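Descriptive analysis of the structure
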Amino acid sequence: ALDVWQRLADLDHAEQLSVAAAANDLAAARDALGAQVIQTWLQLVHLRLARDTERDRVGVLQSLEQTILSRYQRGLGTLDDLSAARTATALARDSAVSLDAELTQSMRALELLLGRMPQAALLVPTRQPRVQQPVADVPVHVVARRPDVTAALQRMQATDAQAAAAGKALLPSISLTADAARNHTNLSDLFQAKTLWSV
């Protein structure tokens, strides 16, 4: 059949757009993975700093508790002061343990994102990295170059091309067929037979 109405061309164009959209989906997935790695890394550094700060706080509270105990033994403090100091130390210790567990969990999550065996064996810096603030007003042409936006546009164009091809399938089609007349009994005479064309 002749592709008079360009129906097959529309279907081919739709397929090419679908393949391009799949490639952009892959690029968008890579970008999302990179963003998730950065976010998890920043959270990991934050948890490390918070855990270290809480451990330092536990040390200070333990020292304060010993001072209050020493004063109480000399009759300069009350039992309520000592009880409050011990409670504050226990709460800070629990908070440090909780932060340590969160740190280990985030470390394993980052190792999984990096494709490694989760062993919580990453070296985490003790200072927050400098992160450049994103631009508040992003031009439209920059947003239009994002892979996920490009993929969505290509899928929409592919759907339009498929719809055009479906509409053209309702139009009349032209078929050109050929038949060889079978007047000869020998197979070798088949190519000398008359050809009948019909439209």
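Attention in this report is confined to the structure presented alongside it. Just so it is clear, the model here is predicted, and its values are computed rather than measured. (Residues numbered from 1 in each chain as written. Predicted model: local features only at pLDDT ≥ 70, side-chain atom pairs only at ≥ 80, totals over all residues. Heavy atoms only, no water.)

What follows covers the packing of helix 1 (residues 7-73) against helix 4 (residues 147-168). Running from N to C, helix 1 and helix 4 point in directions that differ by 165 degrees, and their axes come no closer than 8 Å. As judged from the angle between their axes, helix 1 and helix 4 are roughly antiparallel. Pair helix 1 / helix 4 crosses with left-handed handedness. (Axes fitted to C-alpha atoms, helices over the stretch in contact; angles between N-to-C directions. Helix = DSSP H or I, 4+ residues; strand = E, 2+ residues; numbered from the N terminus. Parallel < 35°, antiparallel > 145°, perpendicular 65-115°, else oblique. Left-handed = near helix turned anticlockwise from the far one by under 90°.)

Attention shifts here to a nonpolar patch on the surface. On the surface, V135, V138, V142, V143 and V149 cluster together to form a nonpolar patch covering roughly 350 Å² of accessible area. By the secondary structure assignment, V142 is in helix 3 (residues 140-144). (Patch = residues over 30% accessible without salt bridge, like charges linked within 9 Å, V, L, I, M, F, W, Y side chains within 5 Å. Areas by Shrake-Rupley, 256 points an atom, 1.4 Å probe, with all protein chains shown as cover. Salt bridge = Lys/Arg side-chain N within 4 Å of Asp/Glu carboxyl O.)

For helix 1, spanning 67 residues, the distance from its first C-alpha to its last is 96 Å, which sits close to the expected 99 Å at 1.5 Å a residue. At the C-terminal side of helix 1, G75 shows a positive phi close to 85 degrees. (Expected span 1.5 Å × (residues − 1).)

Moving on, we get to the pattern of salt bridges. This model, assessed by the stated rule, comprises nine salt bridges. In this structure, the salt-bridge partner of D52 is R48, at a minimum N-O distance of 2.9 Å. Residue D52 and its partner R48 are both found in helix 1; the two are separated by four residues, about one turn of the helix. Residue D52 shares its accessibility class with R48, and that shared class is buried. Note that R57 and E54 form a salt bridge whose closest N and O atoms lie 2.8 Å from each other. (Buried < 20%, exposed > 50% of the residue type's maximum accessible area, 1.4 Å probe, protein only.)

Examined against the element boundaries, A96 turns out to sit in helix 2 (residues 79-113). Separated by 39 residues in sequence, A96 and R57 place their C-alpha atoms 9.1 Å apart. In this structure, A96 is in contact with R51, E54, R55 and V58, ignoring residues within four places of it in sequence. (Contact = heavy atoms within 4.5 Å.)

It is worth spelling out the environment of H13 at this point. Tracing the backbone shows H13 in helix 1. For the pair H13 and Q157, spaced 144 residues apart in sequence, the C-alpha to C-alpha distance is 9.1 Å.

Glancing now at the side chain of R48. There is a polar contact of 2.7 Å between the side chain of R48 and the backbone oxygen of V124. Excluding its chain neighbours within four sequence positions, the residues that come into contact with R48 are L103, V124, P125 and T126. (Polar contact = N/O pair within 3.5 Å; in protein donor to acceptor, adjacent residues only side chain to side chain.)

Now for the packing of helix 1 against helix 2. Axis separation between helix 1 and helix 2 bottoms out at 8 Å; the angle between their running directions is 160 degrees. In this view, helix 1 runs roughly antiparallel relative to helix 2, as classed from their interaxial angle. In this structure, helix 1 crosses over helix 2, and the sense of that crossing is left-handed. Classifying every residue of the contact of helix 1 with helix 2 by side-chain character gives 22 nonpolar, seven polar and 11 charged. (Nonpolar A, V, L, I, M, F, W, Y, C, P; charged D, E, K, R; others polar.)

Next up on the list: unusual backbone geometry. Comment: phi is negative for the bulk of residues other than glycine, and the bulk of peptide bonds are trans. Of note, the phi angle at A120 is positive, near 55 degrees, even though the residue is not glycine. Tracing the backbone through its elements, the reader meets A120 in the loop between helix 2 and helix 3.

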